[in-house]
Amino acid sequence: MEGDTFRLGNGGQVDGKVVQTFQTSFVQVQTILDQNRLLINEINKNHESKIPDNLGRNVGLIRELNNNVRRVVDLYADLSSSVTKSPTDIASSEGDSNGRAKGGHKRNRPA
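As the structure is a computational prediction, the values presented were derived from the model and not from experiment.

Chemist: Looking at this model, I keep getting lost on the overall build of the chain. Mind explaining?
Modeler: Helix and strand counts for the chain stand at three helices and two strands. Going from N to C terminus, the chain has its helices and strands arranged as β-β-α-α-α. Counting across all 111 residues of the chain, residues that qualify as buried make up 20%. Put simply, 39% of the contacts in the chain that link residues at least 6 apart link residues at least 24 apart.

And the structure:
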């Protein structure tokens, strides 16, 4: 997959490495979200039981849940960063190679 180029429906192209990064990141995110669902179910059961030991255990479970949310945010931030830095064929999907969009207006791109 790496080194391959994939065509988009709009005529643009995406580097295989970008596609691979997306797939890896989304699999990691989905795994964490699945863990979060289990944590939330356990937290709810502990809360409903009102047993002091279970309620005390929720403190650690909520910390783990918060850490998982941070990891998801970090994964999305890394993914966003990698997409903006990736070498894609922007010219074919936005305009000519001079950085001009269709219609002749200069298009500003994020740094």
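Read on for the rest.
Chemist: What am I meant to see in the side chain of Asn 36 here?
Modeler: Within the element layout of this structure, Asn 36 appears in helix 1 (residues 16–49). The class of Asn 36 is buried, set by a relative accessible area of 7%. Discounting chain neighbours no more than four positions away, the residues touching Asn 36 are Leu 65, Asn 68 and Val 69.

Chemist: It is not clear to me how the packing of aromatic side chains should be interpreted in this structure. Could you clarify?
Modeler: The geometry of an aromatic ring pair comes down to the distance between the two centres and the angle between the two planes. Inspection of every chain in the model, using the stated rule, returns two aromatic pairs. What links up through ring pairs into an aromatic cluster is the set Phe 22, Phe 26 and Tyr 76.

Chemist: Honestly, the pattern of salt bridges in this entry has me stumped. Any pointers?
Modeler: Side chains that differ in sign of charge can pair as their charged atoms come close. A full pass over the atoms with the stated rule returns two salt bridges. Arg 37 is paired through a salt bridge with Asp 34; the nearest N and O atoms lie 2.8 Å apart. Of this pair, Arg 37 and Asp 34 both sit in helix 1, three residues apart, which is roughly one turn of the helix. For Glu 42, the salt bridge identified is with Arg 57, shortest N-O distance 2.7 Å. In this pair, Glu 42 sits in helix 1 while Arg 57 sits in helix 2 (residues 52–85), placing the two residues 15 residues apart along the sequence. Exposure remark for Glu 42: the relative accessible area of 28% places this residue in the partly exposed category.

So, how was this worked out
- Residues numbered from 1 in each chain as written.
- Predicted model: local features only at pLDDT ≥ 70, side-chain atom pairs only at ≥ 80, totals over all residues.
- Heavy atoms only, no water.
- Helix = DSSP H or I, 4+ residues; strand = E, 2+ residues; numbered from the N terminus.
- Buried < 20%, exposed > 50% of the residue type's maximum accessible area, 1.4 Å probe, protein only.
- Contact = heavy atoms within 4.5 Å.
- Phe/Tyr/Trp six-rings, centres within 6.5 Å; stacked < 30°, edge-to-face > 60°.
- Salt bridge = Lys/Arg side-chain N within 4 Å of Asp/Glu carboxyl O.

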